[in-house]
Amino acid sequence: MTDWPEIPENVVKGVRERWPDRADRWLATAGETLAELCAGYNGRPRDALHARYGYVVSVDTPDGGLVIRSSPDPDGPIQVKVSEALSALGVAPAIHQTLVTDVATWTVMEEIEPGTPFALTDRSSADLEALTAPLASLRNQPVPVPGMPSLIPWIRGRLEDDNLKDMPVWQVPASDSERSQALNVLAELEQDFKPLLCHGDASTWNLLLTGASRWVLIDPRGIAGELAYDLAVLAMKVRGSLTAAEVGQRFAAATQVEEGRVAAWMEIALAARV
C-alpha cells in the first residue's frame, strides 16, 4: 500500500523530541505495519486524525469504520491495558486488536461516529453532567496492571522540572513560588492517595461524541491515579460562561467526589501545566 496518509508534521516533530532513540525506526516501519493491519480487515486508510504523539488513522472496511493508532511511547503497552479497562466499562471504543513491536504499540479499535471531540463543539451550551458520565464510571475501579506507574511521581516530576517544555503551546512555565505551593498541596494529597483506574489525560480532545449523544474517552495516559484528578484536568480545559473553579464544583457534585480534592488537584495541574 503506497497511499497511506502521511504522519502529520507536528507528530513527527513531537516524537523526535520526546523519544529520539525510537523515532527513526518507528517512522520507517509505520507504513508497512499499517498496511499489514489494514489487510487483515480488508481496510483502506481514509485520513490521519488529530494527535500529538501518535499516528492515528481512520480506516474504511466492509464491516464499518475502524481507527488504527500507533505510538512509539515505551509505556504504550500499559496505555493499551487502560484502554481495554475503559472499553470494558463501556466508556471507550471497543478494541479489536493490539500489536506491540520493538518500537511501537498499535491498537485497532472501533470508530466512533460522529466522533466529534469536545474541543470542536460549542462549549457554552455543554451539558457538564453528561461530560462527567464516562469519568464517573471509573470510580473505585482497580488498576488493570498491578504496580503500574503512578500519577504522583509523574506530576511531581513536572512540578520540579525547571525547564519544562511539554505543555500547551499557549502557556509558559509556572513560577517557582507557584510550583513550590503546588508541591506542598501534592504532599498533602499523597497522604491518603489510593492508586486506581484513571484516564490521566482528560483533555477536550480525548472526549468524543457518539451518535447517541454520549461521550466516550480515548487515549489514556497509562498511569494509576484518582477520579478527582481527571475531573480537575477536564474542569480546567472546559471554557465557557463558568470559571474553572465553578466547573470543578459542578463536576464534583455530579460524581460525588470531594469538592476540595478536585480543587486541590486543579491547583496542582495548573502549576504542572498539564
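Structure first, text after, so check above.
If you're wondering where the values come from, they're calculated on a predicted model, not measured in any experiment.

Draft legend 1. Region of interest: the pairing of strand E6 (residues 114–117). Residues Gly115 and Pro117 line the buried face of E6, whereas the alternating positions Pro114 and Thr116 sit on a face that is not buried. Where E6 lies against strand E8 (residues 207–210), 3 bridges are found, and the strand directions are antiparallel. Residue Pro114 lies in a different strand from E8, and its bridge partner there is Thr210.

Draft legend 2. Representation of the sheet that holds E8 in the model. Taken in spatial order, the 3 strands make up an open sheet running E6-E8-E9, and their pairing is antiparallel. Only two strands of the sheet have a single neighbouring strand rather than two, namely E6 and strand E9 (215–217). Sheet twist, expressed as the average angle between the axes of neighbouring strands with direction ignored, equals 40°.

Draft legend 3. Up close: the pattern of salt bridges. This model, assessed by the stated rule, comprises 17 salt bridges. Residue Asp60 pairs with Arg46 through a salt bridge whose shortest N-O separation is 2.7 Å. Placement of Asp60 in strand E2 (residues 55–61) and of Arg46 in strand E1 (residues 44–48) is noted, with a sequence separation of 14 residues between them. On the accessibility criterion, Asp60 (38% relative accessible area) is partly exposed. Judged by its relative accessible area of 32%, Arg46 falls in the partly exposed class. Note that Arg250 and Glu129 form a salt bridge whose closest N and O atoms lie 3.1 Å from each other. Taken together, the positions of Arg250 in helix H8 (residues 244–255) and Glu129 in helix H4 (residues 128–136) put the pair 121 residues apart, joining distant regions of the chain. A relative accessible area of 36% places Arg250 in the partly exposed class.

The rules we used
Residues numbered from 1 in each chain as written. Predicted model: local features only at pLDDT ≥ 70, side-chain atom pairs only at ≥ 80, totals over all residues. Heavy atoms only, no water. Buried < 20%, exposed > 50% of the residue type's maximum accessible area, 1.4 Å probe, protein only. Helix = DSSP H or I, 4+ residues; strand = E, 2+ residues; numbered from the N terminus. Pairing = 2+ DSSP bridges. Axes fitted to C-alpha atoms, helices over the stretch in contact; angles between N-to-C directions. Salt bridge = Lys/Arg side-chain N within 4 Å of Asp/Glu carboxyl O.

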